[in-house]
Each structure stands twice: as C-alpha cells, then as structure tokens.
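Now for the letters of each chain:
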Amino acid sequence: MNRLGVAFLLYMGFQTWRENPDDHAVTSEVWSPRRQMGFAMSVSLLNPHALMDTLAVIGGSAAVYGTWGERASFAVACALVSWVWFFFLMTLGHVAGRAAAGVGLRRVINRISALMMWASAGLLIHILLTFR
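Keep in mind that this is a model prediction, so the values were computed, not measured. (Residues numbered from 1 in each chain as written. Predicted model: local features only at pLDDT ≥ 70, side-chain atom pairs only at ≥ 80, totals over all residues. Heavy atoms only, no water.)

> Please give an account of the overall build of the protein that cites residues and values.
When you go through the protein residue by residue, the secondary structure sums to six helices and zero strands. Counting from the amino terminus, helix and strand elements in the protein follow one another as α-α-α-α-α-α. Computed over its C-alpha atoms, the radius of gyration of the protein comes to 18 Å, more than 25% above the 14 Å expected for a compact globule of 132 residues. Looking at the protein as a whole, 13% of its 132 residues qualify as buried. Between the averaged position of the 10 positive side-chain charges in the protein and that of its 6 negative side-chain charges there is a distance of 6 Å. (Helix = DSSP H or I, 4+ residues; strand = E, 2+ residues; numbered from the N terminus. Rg over C-alpha atoms; globule rule 2.2 N^0.38 Å. Buried < 20%, exposed > 50% of the residue type's maximum accessible area, 1.4 Å probe, protein only. Lys, Arg positive; Asp, Glu negative; His and termini not counted. Charge placed at Lys NZ, Arg CZ, Asp CG, Glu CD.)

If you want it as structure tokens, here you go:
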C-alpha cells in the first residue's frame with residue numbers, strides 16, 4: 001500500500017510540475033461527470049495520508065469508547081468536522097484561486113505543490129526503507 005502511495009505522490013507531483021497555467025486560461029475543458037468522479041475517487045482513495053488518518057488516528061481514537069452510542073457519536077462528530085473542514089478548504093481554495101489569477105503566481109504555487117508532493121514521497125520512501 002505504501003508503494004502505491006509513493007507512486008501516486010510522484011505521479012501527481014510530476015503532473016503538477018508539468019501543468020501549464022496558461023492552458024487553463026486559453027481552453028476551459030469541461031470534464032464529464034464520470035471523469036470528475038474518477039479523479040475525486042483516485043485522489044481520495046489513493047491518498048496515503050487520508051488512509052493513515054482514517055485507520056490509525058480515527059480508528060485508534062474510536063477504540064477508547066466502550067458503548068455503541070459513544071462510538072456512533074464519535075463517528076458523527078468526525079464526519080461533521082470533516083465536512084466543515086473540507087468546506088473551509090474549498091472556500092479558501094476558491095478565494096486563493098481568484099487571488100492567484102495571474103499565470104506567474106499559479107505556476108509558483110504549482111511548483112511548490114509539486115515539491116511538497118515529492119518531499120512527502122521521499123519521506124515515505126525513507127520510512128519504508130528504515131522500518132522494514
């Protein structure tokens with residue numbers, strides 16, 4: 001699973017680095033609903049950090065609750081906080097996207113994002129090699 005996460009981060013970093021912000025300004029390609037759902041599922045389900053959070057952090061935290069009602073309340077609270085957090089991120093992304101309307105700034109943001117993805121992949125590789 002971790003190798004898949006490394007491959008995903010390397011690929012997404014490469015795609016983000018290569019992306020030309022000018023392309024979005026000239027052509028506004030509309031994705032089909034199937035392509036949008038496929039992309040959203042790949043980003044969600046292949047994201048190693050999200051999987052680790054869900055299984056280790058949230059799953060481990062849920063283990064301390066003894067009754068079914070406490071666990072159900074914890075699950076509802078986690079889902080609600082997640083929805084609020086991602087709505088906040090969506091809104092922040094929209095505002096940042098409008099602020100970064102210039103191609104030069106979008107290129108810088110893409111490059112920084114790609115470097116962060118590659119650094120995360122490097123960290124995962126280090127962990128894989130160190131903790132065999």
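> Before we move on, could you go through the nonpolar core and cite the residues and values that matter?
Counting residues in hydrophobic clusters, the biggest one holds seven residues: Val6, Phe8, Leu9, Met12, Met117, Ala121 and Leu124. Residue assignment for this core shows that the elements contributing at least two residues are helix 1 (2-18) and helix 6 (103-130). Contacts of methionine 117, omitting those with residues within four sequence positions, involve Leu9, Met12, Gly13 and Thr16. (Core = buried A, V, L, I, M, F, W, Y, C linked by side-chain atoms within 4.5 Å. Contact = heavy atoms within 4.5 Å.)

> Can you break down the environment of leucine 10 residue by residue, with the values?
For leucine 10, the position within the fold is in helix 1. Once you skip the residues sitting within four places of it in the chain, leucine 10 turns out to touch Trp118 and Ala121.

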